[in-house]
Amino acid sequence: MLKDPVRAGELELSHWDTVIRQARVNRLLGTLAHFLSEEGLWSQIPCAPRRHLDWALRITQTHRAELEWELFSIAEALGSLDTPVVLLKGAAYHAAGMKASIGRLFGDVDLLVERRALGAVEAALMQHGWVNTHHDPYDQRYYRQWMHELPPMQHIRRGTILDVHHSIVPPTARLKVDPGQLISASVAVNDSPFRVLAPEDMFLHSATHLFFSEGEMPHGSRDLVDLYLMAGAKADEAFWRRLQARAIALGLEEPLVLAVYFLDRLMGVALPQEIRAWAVGTLPGGVRGWMLRGALDSALRVRDSHHRTMADSLKKGYLIVRGHREKMPFPLLVRHLGRKAWYGIFPEKYRRDAGR
């Protein structure tokens, strides 16, 4: 439906029931509503599904207004600092006026700053009402020593969440990325103190976040739609060649290969033949590759409910284990998960230790 909104006029009411449920479960209802509205198809939609779509439009308008206020507040807090502040993910799509922001439900705001500026950025944000949400000393060490971001910060009045990154992958991760290259290539946003990643880098970050997160992928199909909207439906050979070259330069070939494979398989994106052949030839092979493709295929499929079969649950579990394994070396992973399991079994001990 997102690829061909004109089909809306052909759907029976029973089909609309499935479409609305799929869009809501996958957090795409607002996006679908905006696309249908822009195509001038509102009058062709039956009354019952139109009510759901109209509600989604109102909710997304509220989210956009709240995001605008949050960005204004962040700009005010960081305005005196002499350091580039790069928006990431949803906030970046919005600031850059991209199609991927249309109808989006915004959660937390993500920023990328130079590592040397983390202390000044954190202090400025705290002076304007943001505080750390993790008070356990171990959690603080986990974020500050091993992760690519500060502990999440929450505003004391609005309750909004802010994630301040110094890279797009943890320093302990298998993938290694130089964040300086991303920041130096970022572009300024008109009439804004913020910057956003270059188009190729934005695509690669989205692919890396999708395929190399902790593996739960609760909104995998929506994130795949983001990549689809960034890439476009046509085979722009120059764009894909630039993307391939940039992925190789940054060490992000594997996220791009997986993005190409699933955009071709699930979204039917028209790809240059050489890019498709490169991706297929570079995909992980053997049993590992077979398991990975099967698990990702399950996670990225559009669903009309949150129910999962036993097979789907096993594939989800595999992706969670893989995601953690990608994030840190095995000895550190065993130590980290062992500690989490210990305090999961004895939560009262965690409360005592965290309160010291």
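Details of the structure are given in the entry above.
Everything in this summary refers to the structure shown in the same document. Every value quoted in this text rests on a predicted model; they were computed, and no experiment measured them.

### Some thoughts on the packing of aromatic side chains
For the coordinates displayed, the defined rule picks out eight aromatic pairs. Taken together, a centroid distance of 5.4 Å and an interplanar angle of 80° make the contact between Tyr142 and Tyr143 edge-to-face. The same class applies to Tyr142 as to Tyr143, namely buried. Ring geometry for Phe203 and Trp240: centres 5.8 Å apart, planes at 80°, overall edge-to-face. Here the residue Phe203 occupies a position in helix 8 (residues 199–211), and Trp240 occupies one in helix 10 (residues 237–250), the gap between them amounting to 37 residues. Here Phe203 falls in the buried class, since its relative accessible area comes to 0%. For Trp240, a relative accessible area of 1% corresponds to the buried category.

### A word on helix 1 (residues 13–25)
Between its terminal C-alpha atoms helix 1 stretches 19 Å, which fits the 18 Å expected from 13 residues at 1.5 Å a residue. Of all the positions in helix 1, only Trp16, Val19, Ile20, Ala23 and Val25 are classed as buried. The inward-facing, buried residues of helix 1 contact helix 2 (29–38) and helix 3 (47–78). A positive phi of about 55° marks Arg27, the residue just after helix 1.

### Some thoughts on the packing of helix 1 against helix 2
Running from N to C, helix 1 and helix 2 cross one another at 125°; their axes reach a closest spacing of 7 Å. Taken together, helix 1 and helix 2 sit at an angle that is classed as oblique. From helix 1, Trp16, Val19, Ile20, Ala23 and Arg24 reach across to helix 2, where they touch Leu29, Leu32 and Leu36. A class-by-class count of the residues in the contact of helix 1 with helix 2 yields seven nonpolar, no polar and one charged.

Conventions and cut-offs
Residues numbered from 1 in each chain as written. Predicted model: local features only at pLDDT ≥ 70, side-chain atom pairs only at ≥ 80, totals over all residues. Heavy atoms only, no water. Phe/Tyr/Trp six-rings, centres within 6.5 Å; stacked < 30°, edge-to-face > 60°. Buried < 20%, exposed > 50% of the residue type's maximum accessible area, 1.4 Å probe, protein only. Helix = DSSP H or I, 4+ residues; strand = E, 2+ residues; numbered from the N terminus. Expected span 1.5 Å × (residues − 1). Contact = heavy atoms within 4.5 Å. Axes fitted to C-alpha atoms, helices over the stretch in contact; angles between N-to-C directions. Parallel < 35°, antiparallel > 145°, perpendicular 65-115°, else oblique. Nonpolar A, V, L, I, M, F, W, Y, C, P; charged D, E, K, R; others polar.

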